[in-house]
Amino acid sequence: MPRVAASTDPFHAVAEGNRRVLLDVLRDGEQPVGSLVAGTGLSYSLVSQHLQILLEAGVVARRPEGRQRIYRLEAAPLRVVHDWTAGYERFWQERLERLDRRLAGA
């Protein structure tokens, strides 16, 4: 997948663990980069790189506040990820129910 297409894909945005951690921190509300660095333990450089990918995918937004840039979660583009994974909830529920029946019969 070319870089341009991948960078706008919400699946690509959440594919990397550090980006999911950033989204988890932003779920609690708007944060400046320094707070994201402190909240994740990542370097400024790494946080900036991941934020750029999240911005390109539209799952975070940025606004200036003085000399800082404040980031916030934009969850709407993640809906496609949620909808896709929801199908697997049914799959796992059926598996667990089968396991329960098997264990009850043992």
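Computed from a predicted model, the values in this text were never measured in an experiment.

A. Local environment of the nonpolar core. Counting 20 residues, the largest nonpolar core has Leu23, Leu36, Val47, Leu51, Leu54, Val60 and Tyr71 as its most contacted members. Examining the composition of this core, we find that five residues originate from one element, helix H5 (residues 44-57), more than from any other.

B. Region of the structure containing the side chain of Gln31. With respect to the helices, strands and loops of the structure, Gln31 is situated in strand E1 (residues 31-32). Once you skip the residues sitting within four places of it in the chain, Gln31 turns out to touch Val25, Leu26, Leu36, Arg69, Ile70 and Tyr71.

C. Highlighting the pattern of salt bridges. The final tally for this structure, using the stated rule, is five salt bridges. Arg63 is the partner of Glu65 in a salt bridge, and the nearest nitrogen-oxygen pair spans 2.9 Å. Arg79 is the partner of Asp83 in a salt bridge, and the nearest nitrogen-oxygen pair spans 3.2 Å. In this pair, Asp83 and Arg79 both sit in helix H6 (residues 79-105), four residues apart, roughly one turn of the helix. We classify Asp83 as partly exposed; its relative accessible area is 44%. Counted as one network, the salt bridges with shared partners bring together Glu30, Arg63 and Glu65.

D. Geometry of the pairing of strand E2 (residues 60-65). Pairing of E2 with strand E3 (residues 68-73), which is carried by six bridges, proceeds in the antiparallel orientation. From the neighbouring strand, Pro64 faces E3, where its bridge partner is Arg69. Counting the residues that bridge the hairpin from E2 to E3 gives two residues, and of these Gly66 lies at a positive phi of roughly 65°.

About the criteria used
- Residues numbered from 1 in each chain as written.
- Predicted model: local features only at pLDDT ≥ 70, side-chain atom pairs only at ≥ 80, totals over all residues.
- Heavy atoms only, no water.
- Core = buried A, V, L, I, M, F, W, Y, C linked by side-chain atoms within 4.5 Å.
- Buried < 20%, exposed > 50% of the residue type's maximum accessible area, 1.4 Å probe, protein only.
- Helix = DSSP H or I, 4+ residues; strand = E, 2+ residues; numbered from the N terminus.
- Contact = heavy atoms within 4.5 Å.
- Salt bridge = Lys/Arg side-chain N within 4 Å of Asp/Glu carboxyl O.
- Pairing = 2+ DSSP bridges.

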